[in-house]
Amino acid sequence: MTLTDGRRPGSRGVAADHVSLRRNNLSVVLRHVRDLGPRSRARIADETGLNKATVSSLVAELVERGLLREGSADSSRALGRPGLLVELDGSGVCGVGAEINVDYLAVAALDLAGNVVHDKRVPVDVAHLDPGTTLDRFADLVQEAVAAVEVRGGQLAGVTLAVPGLVQGETGELKLAPNLGWGELSVAQEMRSRLGQPTYPLHVDNEANLAALAAYADLRRTEDEPVHDLVLLTGAVGVGGGVVAGGQLLRGGHGYSGEVGHMPVAPPGRTCGCGRTGCWETVVGLTALLHKATDRDDPVRDPSLDVEQRLAGITRRAEAGEARTLSALKDVGTWLGIGGAILVNILNPDVLVLGGYFAVLGPWLKEPLEKAIRERVIAPDGGGCRVVRSELGFAAAVRGGAQISLDQVFVEPTRIGVAP
């Protein structure tokens, strides 16, 4: 018996299995080079267990798609003719990440190798603008980044938008962003409309989640000790947390994890943006620091100035030994340790990462923070948790967004067309 196209029964299934297997193997090779660096074809075969002929074919296709390229000769080979190393091709594919925060909008584009090809942040007093006006300006920033990718001849893997609030990732619905005063807003739908219904993938996620992913990737590259579990605390007007456990981001049962700034650990006092009192961010958020360290008419409170410019003023005062500034930083650092100790007791991370303004002012926050953790974490030596400052600063969320967009390429390389 034969089918109408002359093939034996089951041959379509065999062909489909072959296509699926090859797609998986393309991902294996591409992720292997990303994680372990430039490799010869022979070494990739040895390390992945794929045979050499298969690896050669897979590498050839990945090169054709603009995802890998041939680099220098393999100097590690002692005998015979040295093979060429293959490495990630940073020129062909880019991902874009963009962030809305209380006092700024930001965007970045990364290529496949993690190089920044476009980066911009503008001070915007988002909390005092209506959502429509903010999203109009946000769309302009995203289009600027997309244009920068297109100008260099790259393919766009996708755009991921970061917002400081509760996000349903599958739908792109923002349920609540208390410090923006936004709620029940379809950010994904609104942005697709403003961007002209783009064909590239567009996703929305919580900014602290994306910052945690970026911090995790950065620590894997830079730390001598392996990091598998971390908690990132990102400090701005609000305070967010991202948790990576066993190398995977923890989103929670409904995707709402990470709202650590609303843990009720502070004494009743200033009302939080969420309408409650006693939230952690009322004593460690940037607004709390500025109230303790500055007067109402101080320029560092001006939201029209870039946040890093404002923090530079605080840094100069701390370096000069100004008593009020140092006292405020010590107080914030202590409260940061009190809340941080709760997270360390529950999650026992390898690393507690300070992001956002916590990273910028880390030299003054770290000592009282670590002291509070040592005193309040029940496990010996603070549970083995180290406190580190993120080198990404306020760029972490946009970097994480761009990486999320690029991750889909590593999972399914065939989504990228053959380079012309």
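Just so we're clear, the structure is a prediction, and the values are computed from it rather than from any experiment.

Where do I start with the sheet that holds strand β14 (residues 248–249) in this structure?
For sheets, the rule is that strands pair by backbone hydrogen bonds, running either parallel or antiparallel. Spatially, β14-β13-β12-β15-β16 is the arrangement adopted by the five strands of the open sheet, whose pairing is mixed. The outermost strands of the open sheet, each flanked by one partner alone, are β14 and β16 (386–389). Pairing analysis gives six bridges linking strand β12 (residues 230–235) to strand β15 (residues 351–356), with the strands arranged parallel. What sits directly across from L233, in β15, is L354. On the sheet, helix α12 (residues 362–376) packs against β15 and β16 and is oriented at approximately 165 degrees with respect to β16.

Teacher, can you tell me more about unusual backbone geometry here?
Note: most peptide bonds trans; most residues except glycine with negative phi. Even without a glycine there, the phi angle at E184 is positive, about 50 degrees. Here E184 shows up in strand β10 (residues 182–186).

What should I look at first to understand the packing of aromatic side chains in this one?
Geometrically, a pair of aromatic rings is defined through the distance of the ring centres and the angle of the planes. The full count for this structure, using the stated rule, is two aromatic pairs. Between Y104 and F394, the ring centres sit 5.9 Å apart and the planes meet at 85 degrees, which makes this aromatic pair edge-to-face. Highlighted residues: Y104 in strand β5 (residues 104–111) and F394 in the loop between β16 and α13 (396–411), separated in sequence by 290 residues. Residue F394 is classed as buried on the basis of its relative accessible area, which comes to 6%. Consider the rings of Y357 and F358, whose centres lie 4.7 Å apart with planes at 50 degrees: the pair is tilted. When its relative accessible area of 0% is taken as the criterion, Y357 is described as buried. A relative accessible area of 0% places F358 in the buried class. Taking NZ or CZ as reference, R34 lies 4.6 Å from the ring centre of F410, over its face. In this structure, R121 is placed above the aromatic ring of Y104, and the distance from its NZ or CZ to the ring centre is 5.9 Å.

Cut-offs used in this document
- Residues numbered from 1 in each chain as written.
- Predicted model: local features only at pLDDT ≥ 70, side-chain atom pairs only at ≥ 80, totals over all residues.
- Heavy atoms only, no water.
- Pairing = 2+ DSSP bridges.
- Helix = DSSP H or I, 4+ residues; strand = E, 2+ residues; numbered from the N terminus.
- Contact = heavy atoms within 4.5 Å.
- Axes fitted to C-alpha atoms, helices over the stretch in contact; angles between N-to-C directions.
- Phe/Tyr/Trp six-rings, centres within 6.5 Å; stacked < 30°, edge-to-face > 60°.
- Buried < 20%, exposed > 50% of the residue type's maximum accessible area, 1.4 Å probe, protein only.
- Lys NZ or Arg CZ within 6 Å of the ring centre and 35° of its normal.

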